[in-house]
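So you can see what is in the structure, the chains are spelled out below.
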Amino acid sequence: MYQFNLSATKSYMEQLPWAVLTTLGLSALAILLSVLVGLVGSLFRTSRWWALRFLGGAYVEVLRNIPLLIVIYLVYFGLAQIGLRISGFSSAVIALTLNAGAYMTEVIRGGLAAIGKGQFEAARSQAMTPVQVYRYVVFPQVFRIIYAPFGNLCIGVVLGSALASIVGVEDVTSWMHTVGSNSFRYLEAFLMAGSIYLVMAQGVNLLRIGTGKYLLSHSTSATRQ
Amino acid sequence: MQFDDDVTHYWRFFLSGTLTTLWISWLALMLGGILGTVVAHMRMSRIAALRIFALGYTEFFRSIPPLMLFFGSYYGISFALDVNLNPFTSATLALTFTASSLMAEVVRSGIESVGTGQWLAATASAMTRLQVFRYVVWPQALRVCLPPATGVYISTLKDSSVASVIGYIELTRSGLLIRETTGSSFDVFLIIATIYFVINYGLSLCGGALERRFRIVH
Amino acid sequence: MSTDAEPILRIEGVVKKFGPRTVLNQVDLTVQPGEVVVLVGPSGTGKSTLLRCVNGLEEIQGGRVLFENRPVVANSKSVIDVRKHIGMIFQSFNLYPHLTALGNVMLAPMKVLGESKSVVEARARELFRKVRLEHRADAYPGQLSGGEQQRVAIARALAMNPSLLLFDEPTSALDPETVGDVLDVMEDLAREGRTMMVVTHEIGFARHVGDRIVFMDEGRIVEMGAPEEVIDAPREERTRQFFSSILRG
């Protein structure tokens, strides 16, 4: 039968921290950028101009219905064909950002809608410019509302980052595949890599739950008789 | 742009790739649905051990990238059990497990949506637990599950593109092969992206229509 | 109240439509400085909408609104300047939930008017004294009762030193016990000589505090005048119907 042997992977262990850092770095970068994309996207989708609303809606629908792998291929190979040769890492960041940005747009849009017209009106009636309205009144409230779906989105990005290994990025998944294939200890490599992703995903999950508890203690519901 | 060249010469490959994708995702949805239903009932079981297992099951498959599952079921099992699984079997396994964790949630919500009043009425007329499920709960839950099940199908269709990495010739892999032959990446992937979009967007509209229809009934 | 001074607000021939529905149909109204104008009438007849046209929250399709002789044009850059001098109090309070009561009152003077923190804070605390909420300044809106929230909302509006105050059904969402607290504050403001436009169903307040009652129905001003005239001895049949049905209950 199969001899389970973790020590066989020891020689590859020194590459693992770098792989983990790559995964985390790639994910963090994509999440940050996708928040910016989501902010712009949600403003598009709630704009007064039909053209912007359509563009925003089209972006969201297209990116949510196309597999992430295809987006990565489009960016990596597609751009190369036009003459833009970019690294696997950059392609993965762009693709992940575009993909997550679509979901982020919807999450932020939902959050904005949940805030209620009254807040906008109160702020505007106090002579705030649109920028001020968003900066001082709307966006501080949005996170409190959307932190849960936002957390799930972050997990999605971390798991999606695994596809970057296909275009050459040396992340946790590519580590597992290299180690497993070379040492023939695929199962062990799989378990280790799997545990790392599990820890990352559940870590974000715990953060999400913790954020919820913290916000609850602040008692910020607006109306109470 | 050699657009006409791609479409005219290779449309058969795009078509077969599309059909393969639709078929394997459907298979995974059906098998995953059965497995997910079992897990869902475990989740609602009175035995704590089953509940914990079911919870761990769903959390596990939501914390692992699909790519890992494909690698694991193709390379991992081959190395570990010294068998040579073909890409189709591996891909089906990986997709089935992924779909099952999603379906477990869908089925659980569906069953819970059937109000406790129904349970009380049924058990009051001396039905066993199994009979209540069979005649009262499942028929109603099935209707509630259809719209989100559409969503699971869409998700599985997208995940199936990763099967291309282990060599299974579905739509994405077909695209890669065509790309190698013609050398034009952008056009090929654009066509593939369009195919995925049309299918998935269409399905999401169906799902929305189903949801509206059932909302009126309830 | 001097009748020969420049009116602070001029509403001339204002027409407002929501799609095919005409909600305001040729409304003319002037408000003098220091006047307390109370708008009454059946629900949904455009009273709140009229208020919202005054500070440009609603666009008008006809006529014009002049505040201190400046036109109020919704969705324009100039309206922001106008809003610095108009304060609005909403039926559902609309306090900012992520800020304390003090934070709510201090936000706009600091960020919009650019005043320094110390000046604004001193004014805020004085306003809390005025609305009788000194010890609740550090509470969050979620921890305050409805009446307390509305008084904070009044303080928030006053913090900008407005020359006109708009009250949109300020007590309609309150428990009957707390309605009196808010009306008391509003009465204090009236006695100070503040210019106020109030949409309300509180006829007692209208009679007691109002300088002029305006009865609106179906988007038009049916009748207006001193409280004794409009409420007790109306000229128009519709006005009579409205007040008799209200006062009967």
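The following refers to the structure shown. Remember, predicted model here, so these are calculated numbers, not experimental data.

Definitions and cut-offs
The written sequence of each chain sets the order in which its residues are numbered from 1. Think of it this way: whatever chain is written first is A, whatever ligand is written first is 1, and the rest follow in order. Owing to the predicted nature of the model, reporting of local features is limited to residues with pLDDT of at least 70; listing and counting of side-chain atom pairs is limited to 80 or more, with chain, interface and lining totals taken over all residues. Secondary structure elements are defined from DSSP: runs of H or I of at least 4 residues count as helices, runs of E of at least 2 residues count as strands, and each element is numbered from the N terminus. Buried, partly exposed and exposed are defined by the number of other C-beta atoms within 10 Å of a residue's own C-beta, namely 20 or more, between the two limits, and 12 or fewer respectively, with C-beta atoms placed from the backbone. We call two residues in contact whenever the C-beta atoms placed from their backbones are within 7 Å. Here, expected helix span is obtained from the residue count minus one, scaled by 1.5 Å. To get the bend at a residue, fit one axis to the 7 residues ending there and another to the 7 starting there, then take the angle between the axes. Two strands qualify as a pair provided that DSSP identifies no fewer than 2 bridges between them. Gly is put with the polar residues, along with every residue not named as nonpolar or charged; the nonpolar set is Ala, Val, Leu, Ile, Met, Phe, Trp, Tyr, Cys and Pro, and the charged set is Asp, Glu, Lys and Arg. Angular values range over 0 to 180 degrees, each being the angle between N-to-C directions of two axes fitted as lines to C-alpha atoms, with helices fitted over their stretch in contact. Note that the term roughly parallel is reserved for angles under 35 degrees, roughly antiparallel for angles over 145, roughly perpendicular for angles of 65 to 115, and oblique for everything else. Take the far helix as your reference; a near helix turned counterclockwise from it by less than a right angle gives a left-handed crossing, and one turned clockwise gives a right-handed crossing. The nonpolar core criterion groups buried Ala, Val, Leu, Ile, Met, Phe, Trp, Tyr and Cys residues into a set whenever they are joined through C-beta atoms within 7 Å.

Helix and strand counts for chain B stand at eight helices and zero strands. Helices and strands appear in chain B in the N-to-C order α-α-α-α-α-α-α-α. Its C-alpha atoms give chain B principal-axis dimensions of roughly 70 × 45 × 25 Å. Residues classed as buried in chain B amount to 42% of the 218 residues present.

Turning to the overall build of chain A, a few remarks are in order. Looking only at helices and strands, one finds eight helices and zero strands in chain A. When the backbone C-alpha atoms are referred to their principal axes, chain A occupies close to 70 × 50 × 25 Å. Across the 225 residues of chain A, 46% fall into the buried class. In chain A, once contacts between residues fewer than 6 apart in sequence are set aside, the share between residues at least 24 apart is 76%.

Residue and element names in this part refer to chain C. Its identity as a non-glycine residue notwithstanding, Asn69 has a phi of 65 degrees, on the positive side. With respect to the element layout, Asn69 can be found in the loop between strand 4 (62-67) and strand 5 (70-71). Here the phi dihedral of Glu218 falls at roughly 50 degrees; this positive angle occurs in a residue that is not glycine. Position of Glu218 relative to the elements: it lies in the loop between strand 9 (212-217) and strand 10 (220-225). Judged by C-beta crowding, with 15 C-beta atoms within 10 Å, Glu218 ranks as partly exposed.

Spanning 31 residues, helix 6 (residues 129-159) of chain B covers only 37 Å between terminal C-alpha atoms, well under the ideal 45 Å at 1.5 Å per step. At B:Val137, helix 6 of chain B shows its maximal kink, close to 45 degrees; a proline, B:Pro139, follows between one and four residues later.

This next bit is on the pairing of strand 6 (residues 86-89) of chain C. All names here are of chain C. Side chains Ile86 and Met88 of strand 6 all project onto a buried face; the interleaved residues Gly87 and Ile89 project onto the opposite face, where all are buried too. Where strand 6 and strand 7 (residues 164-168) come together, four bridges link them in parallel fashion. Within strand 7, the residue paired with Ile89 across the bridge is Phe167.

The next point concerns the interface of chain A and chain B. In this complex, chain A contributes 32 residues to the contact, which on the side of chain B involves 28 residues. Put simply, the parts of the chain that give the side of chain A that touches chain B at least two residues each are helix 2 (50-65), helix 3 (68-82), helix 7 (172-183) and helix 8 (186-216) of chain A. For the side of chain A that touches chain B, the leading source of residues is helix 8 of chain A, giving nine residues. Each residue belonging to the side of chain A that touches chain B can be placed in one class, and the counts come to 22 nonpolar, nine polar and one charged.

Here we come to the packing of helix 5 (residues 146-158) of chain C against helix 6 (residues 176-191) of chain C. For any two helices packed against each other, the geometry is given by the interaxial angle and the distance between the axes. All names here are of chain C. The N-to-C vectors of helix 5 and helix 6 enclose an angle of 15 degrees; their axes lie 8 Å apart at closest approach. With respect to helix 6, the axis of helix 5 lies roughly parallel. For the crossing formed where helix 5 meets helix 6, the hand is right-handed. Counting all contacts with helix 5, which are made through Gly146, Gly147, Gln150, Arg151 and Ile154, the residues of helix 6 involved are Thr178, Asp181, Val182 and Val185. Its residues placed into classes, the contact of helix 5 with helix 6 shows three nonpolar, four polar and two charged.

With that settled, the discussion passes to the sheet that holds strand 1 (residues 9-18) of chain C. Residue and element names in this part refer to chain C. In spatial order, the strands read 2-1-4-5; together these four strands make up an open sheet with antiparallel pairing. Looking along the sheet, the strands with just one partner apiece sit at the ends: strand 2 (21-31) and strand 5. With two bridges joining them, strand 4 and strand 5 adopt antiparallel strand pairing. Residue pairing in the sheet places Phe67 in a bridge with Arg70 of strand 5.

Now for the environment of A:Gly38. All names here are of chain A. Structurally, Gly38 is set in helix 1 (residues 16-45). When the C-alpha positions of Gly38 and Asn99 are compared, they lie 10 Å apart, and in sequence the two are 61 residues distant. When near neighbours in sequence (up to four residues on either side) are disregarded, Gly38 contacts Gly101, Met104, Thr105, Val107 and Ile108.

Attention now goes to the arrangement of the chains. Between all two pairs of chains that are in contact, chains A and B come out with the most contacts. Across the gap from chain B to chain C, with no contact made, the nearest C-alpha atoms are 27 Å apart.

Turning our eyes to something else, we now look at the packing of helix 2 of chain A against helix 4 (residues 88-115) of chain A. Residue and element names in this part refer to chain A. For the pair helix 2 and helix 4, the least separation of the axes is 8 Å and the interaxial angle reads 125 degrees. Considering the angle they form, helix 2 stands oblique to helix 4. In this structure, helix 2 meets helix 4 at a crossing whose hand is left-handed. Residue-level inspection shows Gly56, Tyr59, Val60, Leu63 and Arg64 of helix 2 in contact with helix 4, the latter providing Leu98, Asn99, Ala102, Tyr103, Thr105 and Glu106.

The next subject is the nonpolar core. Ranked by internal contacts, the top residues of the largest apolar core, which has 107 residues, are A:Ile70, A:Val71, A:Ile72, A:Ala92, A:Ala193 and B:Phe70. Here this core gets 12 residues from one element, more than from any other, and that element is helix 4 of chain A.

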